[in-house]
Amino acid sequence: MSNATPQLYASLSVALGGGIGALARYQIGRLITGWLGIPAISAFPFVTLAVNTIGSLLMGVLAGWLMRGAPENADQLRLLLGVGLLGGFTTFSAFSLETALLLERGQLGLAAIYMMLSIGLGVTGFFFGLTITRLFA
């Protein structure tokens, strides 16, 4: 096996996970938009808030699981699930864009609420996921 083979598998794992994560994000966006309606989604970035919160929770579960007793293929799982799937699923760049749009529209209060909720729920979700893993490990 050449030195390039492990790097190829790592890259393919990230690509596969990223594709699945991006598709999941898109489908959740469609679901939330259908549920809340376009006017609500246009007024506040509910989809990104939900996706980043869920992603942070899942990242906490993954990190806790990998720290508890890493399986033999832990690095491959970290690449597939953490870097790929959750990297493709969460949307910090979209968070930045939507915050800037709220600020540019002069909606300072809404922008502040969105930033606090995104960060607060993201970090809380991560620790909640980590705690779940610790309780059931």
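Keep in mind it's a predicted model, so treat the numbers as computed, not measured.

## Considerations on the nonpolar core
Membership of the largest hydrophobic core is limited to six residues, which are F44, L49, F95, L102, A111 and Y114. Excluding residues within four positions of it along the chain, F95 makes contact with T48, N52, Y114, M115 and S118.

## Details of the packing of aromatic side chains
Enumeration over the complete set of coordinates arrives at five aromatic pairs. A ring pair is formed by F92 and F95, whose centres lie 5.0 Å apart and whose planes are at 40°; its orientation type is tilted. In this pair, F92 and F95 both sit in helix α5 (residues 92-104), three residues apart, roughly one turn of the helix. Exposure remark for F92: the relative accessible area of 58% places this residue in the exposed category. Overall, F95 belongs to the buried group, its relative accessible area being 7%. These aromatic residues form a ring-pair network of at least three members: F44, F46, F92, F95 and Y114.

## A word on the UniProt feature "transmembrane region" (unreviewed entry) in the chain
Within this structure's numbering, the places UniProt gives as "transmembrane region" (unreviewed entry) are residues 7-28, 40-67, 79-97 and 109-132. Between the first and last C-alpha atoms of residues 79-97 the distance is 26 Å; the span itself is 89% helix and 0% strand. For residues 109-132, helix accounts for 100% and strand for 0%, while the C-alpha atoms at its two ends are 33 Å apart.

## Concerning the side chain of T133
Tracing the backbone through its elements, the reader meets T133 in helix α6 (residues 108-135). Non-local contacts of T133, meaning those with residues more than four positions away in its chain, are made with G60, V61, G64, W65 and R68.

Calculation rules
Residues numbered from 1 in each chain as written. Predicted model: local features only at pLDDT ≥ 70, side-chain atom pairs only at ≥ 80, totals over all residues. Heavy atoms only, no water. Core = buried A, V, L, I, M, F, W, Y, C linked by side-chain atoms within 4.5 Å. Buried < 20%, exposed > 50% of the residue type's maximum accessible area, 1.4 Å probe, protein only. Contact = heavy atoms within 4.5 Å. Phe/Tyr/Trp six-rings, centres within 6.5 Å; stacked < 30°, edge-to-face > 60°. Helix = DSSP H or I, 4+ residues; strand = E, 2+ residues; numbered from the N terminus. UniProt positions renumbered as here; feature names shortened; annotations may be inferred.

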